[in-house]
Amino acid sequence: FRFKDSLAEDLQRADLVISHAGAGSCLETLEKGKPLIVVINDKLMDNHQLELAKQLHRDGYVLYCNCSTLVETLQSMDLSALKPFPPGQPEKFASFLDKVFGLQ
Amino acid sequence: TGGHTTEILRLLSCLSESYSPRHYVLADSDKMSEAKIRSFEQKRAETYSKSQFTLDRIPRSREVRQSWISSVVTTLYSILYSLPLTYKRKPDLILCNGPGTCVPVCLSAFLLGLLRIKRTIIVYVESICRVETLSLSGKILYYFSDYFIVQWPDLKKKYPKSVYLGRIV
């Protein structure tokens, strides 16, 4: 398929996700608790999009490779080594703002 | 736009009704955000019946990878366009997270503050995608915001005046 409104359904049913390094894709996948391999396209990507993928890899949440090493990565991957991705905490932000406005 | 809208709605998710009415400002070219916002506000109204919000559109101040000289011109135009809107709403707080659209709105509020017409607190939250470098909006608004929030420790080190609360979206 080319473009769907939401991949949520497909994500829910997947056992493994292989994706480009777009932030939305990475985070949506990790939040659903699916193992993720991020594929970097060196020619297409501009540096800032790689930042999040690299950091997620450093923290042990995703596997990381480029187009030419994908097959090798799939053959040797150990998905159990991936750490579960903790959700963000917007309540900390709310708390911070409340302090700024003296609402606490 | 897209990712920014999703992030900002998450930021709003835990705010109390003290932060009301909410005035959303979108780029005129943004098609998808309005639906997301209405959906968010609709759910919110289920819990807080007196919940209020408005939606305004302004011309997009900069296209992706637009040359910086023409960006200055289009951004100035956007600031002038935003001034009457910011003056009308006179917000106590402006919350933004990085799309080009937010720069003229914040700068117009900053200007109204300098002119002693309305003092608005500007809170900027850099996108979670920014781990090591700031977006262009971030680089500008670092100097104009009252609170500049980053979501990764590297940025806190590079921009010491920023606030680090960890991942908040």
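Only a predicted model underlies this, so the values are computations on that prediction, with no experimental measurement involved.

Details of the environment of Trp152 of chain B
- Structurally, Trp152 of chain B is set in the loop between β5 (147–150) and α6 (153–158).
- With a relative accessible area of 7%, Trp152 of chain B lands in the buried category.
- Distance in space between the C-alpha atoms of Trp152 of chain B and Ile128 of chain B is 7.7 Å, their sequence separation being 24 residues.
- Setting aside chain neighbours within four positions, we find Trp152 of chain B in contact with Leu52, Gln55 and Asp59 of chain A together with Ile128, Arg130, Val131, Tyr164 and Arg167 of chain B.

Describing the pattern of salt bridges
- Considering all chains together, one arrives at 12 salt bridges over all chains under this definition.
- Across the pair Arg13 of chain A and Asp10 of chain A runs a salt bridge whose closest N-O atoms are separated by 4.0 Å. In this pair, Arg13 of chain A and Asp10 of chain A both sit in helix α1 (residues 8–13), 3 residues apart, roughly one turn of the helix.
- Arg13 of chain A sits in the exposed class, given a relative accessible area of 61%.
- Residue Asp10 of chain A is classed as partly exposed on the basis of its relative accessible area of 23%.
- Residue Lys157 of chain B pairs with Asp154 of chain B through a salt bridge whose shortest N-O separation is 3.7 Å.

Things to note about the nonpolar core
- The biggest cluster of nonpolar side chains holds 45 residues, and the ones touching the most others in it are Val38, Leu56 and Phe93 of chain A together with Val123, Val125 and Ile149 of chain B.
- Residue assignment for this core shows that the elements contributing at least two residues are α2 (23–31), β2 (36–40), α3 (47–58) and α5 (90–100) of chain A together with α1 (2–12), β1 (22–27), α2 (33–47) and β4 (121–125) of chain B.
- In this structure, Ile58, Leu85, Val105 and Tyr124 of chain B belong to the second largest nonpolar core, which totals 20 residues.

Quick look at the UniProt feature "transmembrane region" (unreviewed entry) in chain B
All names here are of chain B.
- With numbering matched to this structure, UniProt assigns "transmembrane region" (unreviewed entry) to residues 67–87 and 93–115.
- As annotated, residues 67–87 has a helix share of 95% and a strand share of 0%, and its two end C-alpha atoms lie 30 Å apart.
- Across residues 93–115, helical content stands at 57% and strand content at 17%; the span's end C-alpha atoms are separated by 17 Å.

A word on the interface of chain B and chain A
- Of the residues lining the interface, 28 residues belong to chain B; the matching set on chain A comes to 26 residues.
- When chain B packs against chain A, close to 2400 Å² is buried across both sides, 66% of that on carbon and sulfur atoms.
- The interface formed by chain B and chain A holds 2 salt bridges in total.
- The closest approach of N and O atoms between Glu132 of chain B and Arg58 of chain A, which form a salt bridge, is 3.1 Å.

Cut-offs applied
Residues numbered from 1 in each chain as written. Chains lettered and ligands numbered in written order. Predicted model: local features only at pLDDT ≥ 70, side-chain atom pairs only at ≥ 80, totals over all residues. Heavy atoms only, no water. Helix = DSSP H or I, 4+ residues; strand = E, 2+ residues; numbered from the N terminus. Buried < 20%, exposed > 50% of the residue type's maximum accessible area, 1.4 Å probe, protein only. Contact = heavy atoms within 4.5 Å. Salt bridge = Lys/Arg side-chain N within 4 Å of Asp/Glu carboxyl O. Core = buried A, V, L, I, M, F, W, Y, C linked by side-chain atoms within 4.5 Å. UniProt positions renumbered as here; feature names shortened; annotations may be inferred. Buried area = accessible area lost by both parts, 1.4 Å probe.

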